Amino acid sequence: MSWTLGPEHLEDLARGAAILGTGGGGDPLIGRLLAEQAMRENGPVTIVGPDEIADDAFVIPTAQMGAPTVIVEKIPRGTEPVAALRALEAHLGRRAQATMPIECGGINSMVPLLVAARTGLPVVDADGMGRAFPELQMETFNVYGVPGSPMAVAGENGETCVIDTGSDARRMEWLARGVTVRMGGASYIAEYSMTGEQIKRTAIPRTLSLALSLGEAVRVARKAHRDPVEALRAALAPTLYRHLRVLFRGKVTDVERRTEEGFTRGRARFRGFDVPDLICVLGADCADPITTEGLRYGQRVTVVGISTPDLMRTPEALAVFGPRCFGLTDVPFRPVEDGPDVDSSTGELAESPL
């Protein structure tokens, strides 16, 4: 059933989307403020379930691309993602009937809402990652046969370009990343245009609704002085993300971070004082998600693992965004619910695009 999303929902949605995004996808505060401004100017947006979309409906996802650290200092005007959408529509000679997220993390849960508020399009309650991944080929859309290109890329100065690599999503990512770097490290994109039938077959369903419910669960638990991590566990239990497991409690003892080639890369080291599955770094007491650009020395954190939907655990999916795709060649995928107990005395995240 379709529902209306207004500015009053955005704080909970941004919090929940940042949890699902495992720290990636850009600063949720910036995305929330952009979407809020657009909604106050143009009204709320309509969210539709993937099962409500006609099989022949034409949908174009919209998103931000680039290093999250850049977005913190280079705040977009808010017109860029609509420019990307219009450029792709002009190239295809067809207007979109809806937009949707490519990932449910940070700013990229908000970009389609910004586009919807400015264009009047509905937003499909689904996405192509079920979390945040760093590269465009790491989408369930790509895994299950939806071409990513042609795609459109827009910059802050009004420039746009169209990239067409056919079914080669890796090359599309490589070219679009280079364009993004030359646009100053951040761009706005429209890609993976598809039909309603393809959405039903390849997307992770109802992740916007899930993010909203997770953000609300944390807020309500904190207000009632209850454990917000346990509130998250209860909120996840009846969903496709059934399992939450506390992996580690401690503090950040070192952060090394750099921006290069359109990515934020680095290491974070944690010390205790007491995978495609989601590994989420949360504030120890408040369970607010900490994004990659927000990690700081001395932060007290709880690291949790959240199981992913089965669609993201197939051999085809693991070949595109499993541990090996992040340089972890000797680390097989192990579902979080089946993993061994973690030594809480120390912990370190391997170097990869954050």
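Our subject is the structure listed above.
Predicted model, so just to flag it, every value in this text is computed and none were measured.

Draft legend 1. Representation of the packing of helix α2 (residues 28-42) against helix α5 (residues 107-119) in the model. Where α2 meets α5, the closest approach of the two axes is 8 Å, and the angle between their N-to-C directions is 15 degrees. Taken together, the axis directions place α2 and α5 in an arrangement best described as roughly parallel. Considering the relative orientation of α2 and α5, their crossing is left-handed. Residues Pro 28, Ile 30, Gly 31, Arg 32, Leu 34, Ala 35, Ala 38, Met 39, Glu 41 and Asn 42 of α2 touch α5, and the partners they reach there are Ile 107, Met 110, Leu 113, Leu 114, Ala 117 and Arg 118. Tallied by class, residues from the contact of α2 with α5 come to 11 nonpolar, 2 polar and 3 charged.

Draft legend 2. Representation of the packing of helix α9 (residues 207-223) against helix α10 (residues 228-236). At a minimum axis separation of 8 Å, α9 and α10 run at an interaxial angle of 145 degrees. For the pair α9 and α10, the crossing hand works out as right-handed. Residues Leu 210, Leu 214, Ala 217, Val 218, Ala 221 and Arg 222 of α9 form the contact with α10, whose own contacting residues are Pro 228, Ala 231, Leu 232, Ala 235 and Leu 236. Classifying every residue of the contact of α9 with α10 gives 10 nonpolar, no polar and 1 charged.

Draft legend 3. Main features of the nonpolar core. Leu 13, Leu 113 and Ile 306 are the most contacted members of the largest nonpolar core, which totals 69 residues. With 8 residues, α5 is the largest single contributor of residues to this core. Excluding residues that lie within four positions of it along the chain, Leu 113 makes contacts with Leu 5, Leu 10, Leu 13, Ala 35, Met 39, Val 45, Ile 47 and Val 123. One finds Val 48, Val 59, Ile 102 and Ala 176 within the second-largest nonpolar core, a separate group that totals 26 residues.

Draft legend 4. Inspection of helix α4 (residues 80-92) at higher detail. The end-to-end C-alpha distance of α4 is 19 Å, a good match for the 18 Å that 13 residues give at a rise of 1.5 Å each. Restricting attention to buried positions, one finds in α4 the residues Glu 80, Pro 81, Val 82, Ala 84, Leu 85, Ala 87, Leu 88 and Glu 89. The inward-facing, buried residues of α4 contact β4 (62-66), α5, β7 (151-154), β8 (160-163) and β9 (186-190). Looking one or two places after α4, you find Gly 93, whose phi comes out positive at around 70 degrees.

Draft legend 5. Layout of the pattern of salt bridges. Taken as a whole and judged by the stated rule, the model has 17 salt bridges. In this structure, the salt-bridge partner of Asp 12 is Arg 219, at a minimum N-O distance of 2.8 Å. You can see Asp 12 sitting in helix α1 (residues 10-20) and its partner Arg 219 sitting in helix α9, a full 207 residues away along the chain. Exposure remark for Arg 219: the relative accessible area of 36% places this residue in the partly exposed category. When the shortest N-O distance is used, the salt bridge between Arg 206 and Asp 51 registers 2.6 Å. Remark: Asp 51 occurs in the loop between β2 (45-48) and β3 (58-59) and Arg 206 occurs in the loop between β11 (204-205) and α9; sequence separation between them is 155 residues. Overlapping salt bridges, with partners in common, bring together Glu 11, Asp 12, Arg 15, Arg 219, Arg 222 and Asp 288 in one network.

Draft legend 6. Structural context of unusual backbone geometry. The step from Ser 149 to Pro 150 runs through a cis peptide bond, and the omega angle for that step is 5 degrees. Residue placement: Pro 150 occurs in the loop between α6 (140-143) and β7. Of note in the backbone geometry, Tyr 192 takes a positive phi value of approximately 50 degrees without being a glycine. Tracing the backbone shows Tyr 192 in the loop between β9 and β10 (194-195).

Calculation rules
Residues numbered from 1 in each chain as written. Predicted model: local features only at pLDDT ≥ 70, side-chain atom pairs only at ≥ 80, totals over all residues. Heavy atoms only, no water. Axes fitted to C-alpha atoms, helices over the stretch in contact; angles between N-to-C directions. Helix = DSSP H or I, 4+ residues; strand = E, 2+ residues; numbered from the N terminus. Parallel < 35°, antiparallel > 145°, perpendicular 65-115°, else oblique. Left-handed = near helix turned anticlockwise from the far one by under 90°. Contact = heavy atoms within 4.5 Å. Nonpolar A, V, L, I, M, F, W, Y, C, P; charged D, E, K, R; others polar. Core = buried A, V, L, I, M, F, W, Y, C linked by side-chain atoms within 4.5 Å. Buried < 20%, exposed > 50% of the residue type's maximum accessible area, 1.4 Å probe, protein only. Expected span 1.5 Å × (residues − 1). Salt bridge = Lys/Arg side-chain N within 4 Å of Asp/Glu carboxyl O.

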